[in-house]
Amino acid sequence: MKRAVVKPDISFFIITVIVLFFTVYEVGNFRFSYSLEKELHYKTNKRIFDNLSYDHKQNVNILSAALALDPAVIEAYQKDDPSILKQHVLPIWNRLRHEKLVYEIHFFKPPAISFVNFSNFSSIGKDVSDVRKDIQWVTSSFKPSLHLMMCKTYAGIRATYPIIDTNGKMLGGLSMGKKIDWLPEILKNRTGDESFLIYTKESASSLSKHYYDEFMKDKQITGDYIFAEHTLPMNVSNLKDVNVTKPISTITIKGKEYTLFSYPIIDFNGKTMGYIFTLNDFDYYFDLVRKRFTSSLVIVLIISLLIYFIANRRLGRMIAQANSISRITRGIKLGEFGILGQKQNDLFTPREVLTHIRSEVIDLGKTIEKRYIDLEAKLLNQLFIDDLTSLPNRNAIMRDLVEEHDSIFVLINIRSFKQINDVFGFETGNEVLRNLALMLQDYANDIKYHFYRIGSDEFGLIVDKGDLEEEQIIAKVIAIIHMVNSTPIHTKNGFEITISIYAGICLEQSDMLIKADMALTEAKEKLLDFSIYTEQSDTKQKHKRNIEMIEIIKEALEDDRIVTHYQPIASVQSHRIHKYESLVRIEHQGMLIYPGAFLEVAKQTHFYHQISQKMIEQTLNTFRNRDEMFSINIDALDIYDDLTTEFLIDALSEFAETGRVVIEFTESNELYNSATLDTFVERIRKAGAKIAIDDFGVGYSNFTYIMLLRPDYLKIDGSLIRNLDTDTQAVNIVRTIVHFAKELGIRTVAEFVDRKEVMDICEELHIDELQGYYIGKPAPAPLPSDKLELKDN
């Protein structure tokens, strides 16, 4: 029988299809991979820019702190001798300026008198309080500040630091700044990409004409932007058709197209003051793609030729086999069963085929069984192993704690791990976790242990006691903590990160995870390296009290025993009570429970928002038919809770005189630069109510942010007010706050006015309103209208 030969046109068709498929695939893959390459390049440059910004802020902050604490600087202030400063700091200034580490070093005397300005020695003795409110704040509050801002003549990072002698006396302040204009050159050195910088026109609008002209002398305006520093030859015309706010776009410079990466520069109040760009022509990538395509095409052509020759040989045999099967089928249909025992042109007999099929079925069964076993193992691995660190996970520890006997359980956490993610990014954070897992296992190699990753930055350690005493194991755990805390982690990106871990230790054999968590909480709150759970521990008692308090809160809500008391606030000008602050209480067994005992516990439950809504409702009902103003205290949790916010807005819409309502909250880290807060304040003002910032002057207080928020009232914290008659430093701080507030048209309220001497000083400082036990204690109802005169108690 003649061998069937495949026609050349069929093989040629197959080869053509393969080549076309390869070409289409490579083109599609190029477009996709090019997009990914640009996105990866963008993210890499952004990470470098973010880290660069952070490094520069810390650099300026550390340098300013070091100079402020320098004995020679303190001596110059004590002797009131600027020449000492010049002689000591000038070499430092020259070196730092040459290396572009700082652009400004300016020493001040209180409140804001120029002592030595290394950019302008002739300014000694000049009062700059009109343009340097930050210096007034630092020299009166004893607190440093660090901001990215449009300064007097330049845009930059500015650190301001108080200078204090060993006795705690305020000597003055130091201002140190670094220009943003230097960033393009530095960024190019870090990334290898060309770079340029623009500012928004709005960011420079606050500068006076003299300083604006100084700022603009090496810059050009293009539309709404100011074209600044650049590392490649270009001009404003190149930006004509560029959308600078788009993260990834293109730009043409001298006939060459570049991919343009845009990164916003955000100032201290959350506004975009400019953009920094990097450019890349991706020539390296196109060269790589061309080389890969050429080599791949050669391989495909070789494979296609092989397919062509093999197809001619193999396909003919397959057709012959098909013809044989056809003959066997016809023979069976005609009753010629003898054909089953015959070989057909070197093909297998049907019996051999059946034997082969049986063998393949058995092999297939074994393959399926193996795949099932592998899949089961994979699922178990996913169930009990952490993907990131390859340590056993929370499921594994819950299983093992049931089985373990005579062991010690340790819960380990990284202090402030969120800051690592925020500063260095999640990828670096994950690398830190992987390194920590390896370090923990390495340091614990001489004890019988099992490590686990339980959560985000939380690890568990089960130690089998064996022949070891509890004290020996605890000593080993402490040694591990100290070794980890003293060993920096080196990341692939070149960062050196030192972490701080702390631990909760449980020596008991029941509820080990819960009890170790209690000990961990105690270590966190008391800033300890470790804490050991005992039946007598404060943490256990605290948890017990918290559970009892939650039950009290729940019952009070059910029985309508959440009540509001009202503390009077007096006007200094009229000496009359004209306002009240609403304060929440719980009535329990004939007594009052004050907020300090239940609010923090309530914030951990869904009951907190119910308490807030009860207080809002009761307060508005109380003053619906009265004439006084009144304030309602809320928390960041309320502002971020949509239900509570909507409840408040709806309640205000049904209140006839919202001009008498003041919404009062404490400025906090959670609210700083928050778009949610901005929206909330805008809605409150739109509803007609006023805004007050509580507890101002301590803790988080941000002088500059108040200028942007522009509240109607600043309530000065009681820790400053209560000792005004004995603490001159407190008087100076309060005087600065009042002066600052009056310039912005903000009324001030003194809290904790508990005696006449304090009240008299408040009046001398021109505080507008007074609140405290000397004015009146909180009561279940406001005073009658005939008893609002402020009497001499």
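Residues numbered from 1 in each chain as written. Predicted model: local features only at pLDDT ≥ 70, side-chain atom pairs only at ≥ 80, totals over all residues. Heavy atoms only, no water.

S.K.: Give me the overall build of the protein: which residues, what numbers.
M.R.: Helices and strands together make up the secondary structure of the protein, namely 23 helices and 27 strands. Counting the 793 residues in the protein, one finds 46% classified as buried. Within the protein, contacts between residues at least 6 apart in sequence are counted, and of these 64% link residues at least 24 apart. Split by element, the accessible area of the protein, about 41,700 Å² in all, is 55% carbon and sulfur. (Helix = DSSP H or I, 4+ residues; strand = E, 2+ residues; numbered from the N terminus. Buried < 20%, exposed > 50% of the residue type's maximum accessible area, 1.4 Å probe, protein only. Contact = heavy atoms within 4.5 Å. Areas by Shrake-Rupley, 256 points an atom, 1.4 Å probe, with all protein chains shown as cover.)

S.K.: I'd like a rundown of the pattern of salt bridges, residues and numbers included.
M.R.: Under the defined criterion, the tally for this structure stands at 32 salt bridges. For Glu769, the salt bridge goes to Lys579, with nearest N and O atoms at 2.9 Å. Taken together, the positions of Glu769 in strand E27 (residues 769–771) and Lys579 in strand E20 (residues 576–588) put the pair 190 residues apart, joining distant regions of the chain. In terms of burial, Glu769 and Lys579 fall into one category: buried. Between Arg683 and Glu646 there is a salt bridge whose closest N-O contact spans 2.8 Å. With Arg683 in helix H19 (residues 675–686) and Glu646 in helix H18 (residues 642–653), this residue pair connects regions lying 37 residues apart in the sequence. (Salt bridge = Lys/Arg side-chain N within 4 Å of Asp/Glu carboxyl O.)

S.K.: For the pairing of strand E18 (residues 530–533), give the residues involved together with the corresponding values.
M.R.: Burial along E18 is one-sided: the residues Ser531 and Tyr533 are buried and none of Phe530 and Ile532 is. The pairing of strand E17 (residues 501–506) with E18 spans four bridges and is classified as parallel. Across the sheet, Cys506 pairs through a bridge with Tyr533, a residue of E18. (Pairing = 2+ DSSP bridges.)

S.K.: An account of the sheet that holds E18 is needed here, citing residue identities and associated values.
M.R.: A sheet is described by the order of its strands in space; here five strands give the open sequence E13-E14-E12-E17-E18, paired in mixed fashion. Of all the strands in the sheet, just strand E13 (449–453) and E18 have a single pairing partner and so form its edges. If you compare each strand with its neighbour and ignore which way they point, the axes differ by 20° on average. When strand E12 (residues 407–414) meets strand E14 (residues 458–464), the two strands line up antiparallel, connected through seven bridges. When the bridges of E14 are listed, Asn413 appears paired with Glu458. Its contacts with the sheet place helix H12 (residues 470–485) against E12, E14, E17 and E18, and it is angled at close to 165° to E17. Of the strands in this sheet, E12, E14, E17 and E18 are in contact with helix H13 (residues 512–525), which crosses E17 at around 140°. (Axes fitted to C-alpha atoms, helices over the stretch in contact; angles between N-to-C directions.)

S.K.: Any chance you could break down the packing of aromatic side chains for me, citing the residues and the numbers?
M.R.: Taken as a whole and assessed by the stated rule, the structure comprises 19 aromatic pairs. When the centroid spacing of 6.1 Å and the interplanar angle of 35° are considered together, the rings of Phe49 and Tyr263 count as tilted. Of the two residues, Phe49 sits in helix H1 (residues 8–68) while Tyr263 sits in strand E10 (residues 256–266), which places them 214 residues apart along the sequence. The class of Phe49 is buried, set by a relative accessible area of 6%. An aromatic cluster is present here, built from Tyr77, Trp93, Phe107, Phe115 and Phe118 joined pairwise through their rings. Against the face of Tyr713 rests Lys579, its NZ or CZ located 3.5 Å from the ring centre. (Phe/Tyr/Trp six-rings, centres within 6.5 Å; stacked < 30°, edge-to-face > 60°. Lys NZ or Arg CZ within 6 Å of the ring centre and 35° of its normal.)

S.K.: Please give an account of a nonpolar patch on the surface that cites residues and values.
M.R.: A surface patch of nonpolar side chains, about 270 Å² in accessible area, is lined by Val298, Ile302 and Leu306. Structurally, the position occupied by Val298 is in helix H7 (residues 283–333). Owing to a relative accessible area of 44%, Val298 belongs among the partly exposed residues under this scheme. (Patch = residues over 30% accessible without salt bridge, like charges linked within 9 Å, V, L, I, M, F, W, Y side chains within 5 Å.)

S.K.: Before we move on, could you go through the nonpolar core and cite the residues and values that matter?
M.R.: If you look at the biggest cluster of nonpolar residues, it comprises 74 residues, and the most contacted ones within it are Ile663, Ile721 and Leu724. Residue contacts for Ile721: discarding those within four places in its chain leaves Ile716, Val734, Ala750, Glu751, Phe752, Val753, Val758, Cys762 and Ile767. (Core = buried A, V, L, I, M, F, W, Y, C linked by side-chain atoms within 4.5 Å.)

S.K.: Account for the sheet that holds E10, naming residues and giving values.
M.R.: In spatial order, the strands read E7-E8-E6-E11-E10-E9; together these six strands make up an open sheet with antiparallel pairing. Of all strands in the sheet, those with a lone pairing partner are strand E7 (220–222) and strand E9 (248–253), marking the two edges. Strand after strand, the sheet turns through a mean of 35° between neighbouring axes, direction not considered. Sheet strands in contact with helix H5 (residues 183–191) are strand E6 (194–200), strand E8 (225–230) and strand E11 (272–280), and its direction is about 150° off that of E6.

S.K.: Could you give an account of the packing of helix H16 (residues 607–622) against H18, with specific residues and numbers?
M.R.: Put simply, H16 and H18 touch, their axes get as near as 10 Å, and they point 10° apart. Relative to H18, H16 is oriented roughly parallel. Across the interface between the two elements, His609, Ser612, Gln613, Ile616, Glu617 and Leu620 of H16 pack against Leu643, Thr644, Phe647, Leu648 and Ala651 of H18. Across the contact of H16 with H18, the residue classes tally to six nonpolar, four polar and one charged. (Parallel < 35°, antiparallel > 145°, perpendicular 65-115°, else oblique. Nonpolar A, V, L, I, M, F, W, Y, C, P; charged D, E, K, R; others polar.)

S.K.: Help me get a handle on the environment of Ile481, residues and values and all.
M.R.: Position of Ile481 relative to the elements: it lies in helix H12. Taking the relative accessible area as the measure of exposure, Ile481 reaches 1% and is therefore buried. Sequence-wise, Ile481 and Tyr502 are 21 residues apart; in three dimensions their C-alpha atoms are separated by 6.8 Å. Look past the residues within four positions of Ile481 in its chain and what remains in contact with it is Ile501, Ala503, Asp529 and Phe530.

S.K.: I'd like to hear about helix H22 (residues 728–743), residue by residue, with values.
M.R.: For the α-helix, the turn length of 3.6 residues means that residues three or four positions removed from each other point alike. With 16 residues, H22 should cover 22 Å at 1.5 Å per step; its first-to-last C-alpha distance of 23 Å lies within 8% of that length. Taken together, the buried positions of H22 are Ala730, Val731, Ile733, Val734, Thr736, Ile737, Val738, Phe740 and Ala741. Among the residues of H22, the N-terminal cap falls to Asp727, whose side-chain oxygen and the backbone nitrogen of Gln729 are separated by 3.0 Å. Immediately downstream of H22, the backbone of Gly745 shows phi near 75°, a positive value. (Expected span 1.5 Å × (residues − 1). Polar contact = N/O pair within 3.5 Å; in protein donor to acceptor, adjacent residues only side chain to side chain.)

S.K.: I'd like a description of the pairing of strand E5 (residues 170–179), backed by residues and values.
M.R.: Most of E5 is tucked away: 10 of the 10 residues are buried. Of the strand pairs in this sheet, strand E1 (residues 104–109) and E5 are connected by five bridges, and their pairing is antiparallel. Bridge pairing links Phe107 to Leu174 in E5. Both strand E4 (residues 155–164) and E5 contribute to a ladder of nine bridges, which runs antiparallel. Bridge assignment links Ala159 to a residue of E5, and that residue is Met176. Linking two consecutive strands that pair antiparallel, namely E4 and E5, is a turn of five residues; a positive phi of about 85° is found at Gly168 within it.

That is the geometry; function is a separate question.
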